[in-house]
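A look at the structure
What follows is the residue order along each chain.
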Amino acid sequence: MGRAILAQLEGGSQYPSSALGVTMRRAAVILATLLVCGTGLLVQRPAASALAQEASAAIRPEHTLHLFDGRSLDAFYTWLVDSHREDPLRVFSVVEQVDGAPAIRVSGERWGGLVTRQAYRDYRLVVEFRWGLLAWGERQHAARDSGILVHCQGPDGNTDEGGNGPWMRSVEAQVIEGGTGDIILVAGFDASGRRLAPRITARSRLNRKGEPTYDPAGEPRAFEGVRVNWFGRDVDWTDRLGFRGRQDLESRYGEWTRLEVIADGDRITNLVNGTVVNEGSQSSLREGRILVQSEGAEIYFRRIDLEPLGR
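Residues numbered from 1 in each chain as written. Predicted model: local features only at pLDDT ≥ 70, side-chain atom pairs only at ≥ 80, totals over all residues. Heavy atoms only, no water.

The topology assignment puts Gln174 in strand β8 (residues 169–176). Overall, Gln174 belongs to the buried group, its relative accessible area being 7%. With near-sequence residues (within four places) excluded, Gln174 lies in contact with Asp145, Ser146, Gly179, Thr180, Gly181, Asp182 and Ile184. (Helix = DSSP H or I, 4+ residues; strand = E, 2+ residues; numbered from the N terminus. Buried < 20%, exposed > 50% of the residue type's maximum accessible area, 1.4 Å probe, protein only. Contact = heavy atoms within 4.5 Å.)

Shown next as structure tokens:
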């Protein structure tokens, strides 16, 4: 509209040829030019609106949300050490066929995460994953490693004091050979450089190595910034490629594993292939973004859903 007005005004036929008319015409042209510029600014506002949407309050799902829609990574942004929101090596991508269906491929070549644009609270997160072939760098011969971080808070990369860390302050549902279902309380730093470690209370016992291990019959203990093993984690676990413990519930290599994380207020419950393997309450984090880790091993995700809690 502004451009149409400007074209008409530049003709000047509606103004007298006097000095006053020239002045009036010039003033009108300036006003119309401002309208045109204003229109241009309005065109740019959806990007700003998208940023505002990312910062909106945590969503409590009322129906199933397919964070992976089978086609794109639209529900996420990427974050990697050093390159941050740029992904030049395509660490994160969508592939058309993995066992006959689309999947998200996480190469594991760089450390970082696939992060939801929105924050969430009070949900059942359902993830189906299987390991790929590749392993990288210092983890080339180590246990295949990834993880799902829930209740992520603070700026990107805040696990490093300088903001160049791979992850965010959060509660991790560990995905690693032999340890899938562990709870890890991932600490981060605030703007002043203060380290903030999440807290949770879990019924547990100490294994013979002194590691806290979930035990529904155990005494409630408060933990901060540590790992709480899932109940069947092999006490002789070693960080080697292909490790499998005596009680492991994760599917065998090459098969899909179903991991569920129930976030219900201050309570977090992890299930592996339908069995409760870990649980904590009185969590200091109760909402936030969700992050899928890239941590040195190739991994595929064919399902990432948020389901409402049945109340």
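Turning our attention to the sheet that holds strand β12 (residues 199–206). Ordered by their spatial adjacency, 3 strands build an open sheet running β13-β12-β14, and the pairing between neighbours is antiparallel. The sheet is open, and its two borders are formed by β13 (212–214) and β14 (219–224), each paired with just one other strand. Each strand of the sheet is rotated relative to its neighbour by a mean of 70°, with strand direction disregarded. Of the pairings in the sheet, the one linking β12 to β14 comprises 6 bridges and is antiparallel in character. Each residue of the ladder has a partner; that of Arg203, found in β14, is Pro220. (Pairing = 2+ DSSP bridges. Axes fitted to C-alpha atoms, helices over the stretch in contact; angles between N-to-C directions.)

We now examine the sheet that holds strand β15 (residues 227–228). Ordered in space as β2-β5-β19-β7-β8-β9-β15, the 7 strands form an open sheet in which the pairing is antiparallel. Across the chains shown, the open sheet's two edge strands, defined by having one partner strand only, are β2 (76–80) and β15. The pairing of β8 with strand β9 (residues 183–186) spans 4 bridges and is classified as antiparallel. Bridging across to β9, Ala173 finds its partner in Ile183.

Looking now at the nonpolar core. Counting residues in each nonpolar core, the largest one holds 42 residues, and the members touching the most others are Ile104, Leu125, Ile148, Phe301 and Ile304. In this structure, Phe301 is in contact with Phe68, Ala103, Ile104, Val106, Val127, Glu128, Phe129, Ser146, Ile148, Trp256 and Val292, ignoring residues within four places of it in sequence. (Core = buried A, V, L, I, M, F, W, Y, C linked by side-chain atoms within 4.5 Å.)

Further remarks concern the packing of aromatic side chains. Going through the model one piece at a time under the given rule, you end up with 5 aromatic pairs. Aromatic side chains Phe129 and Trp131 sit 5.9 Å apart centroid to centroid with 75° between the ring planes, which places their arrangement in the edge-to-face category. Exposure remark for Trp131: the relative accessible area of 3% places this residue in the buried category. Between Phe129 and Phe301, the ring centres sit 6.4 Å apart and the planes meet at 50°, which makes this aromatic pair tilted. Within this pair, whereas Phe129 is found in strand β6 (residues 123–135), its partner Phe301 is found in strand β20 (residues 297–307), the two being separated by 172 residues in sequence. Summarising the burial analysis for this pair, Phe129 and Phe301 share the class buried. Here the aromatic cluster, defined as three or more aromatic residues joined through ring pairs, consists of Phe129, Trp131 and Phe301. For the cation-ring pair, Arg85 lies above Tyr77, with the distance from its terminal atom to the ring centre recorded as 3.8 Å. (Phe/Tyr/Trp six-rings, centres within 6.5 Å; stacked < 30°, edge-to-face > 60°. Lys NZ or Arg CZ within 6 Å of the ring centre and 35° of its normal.)

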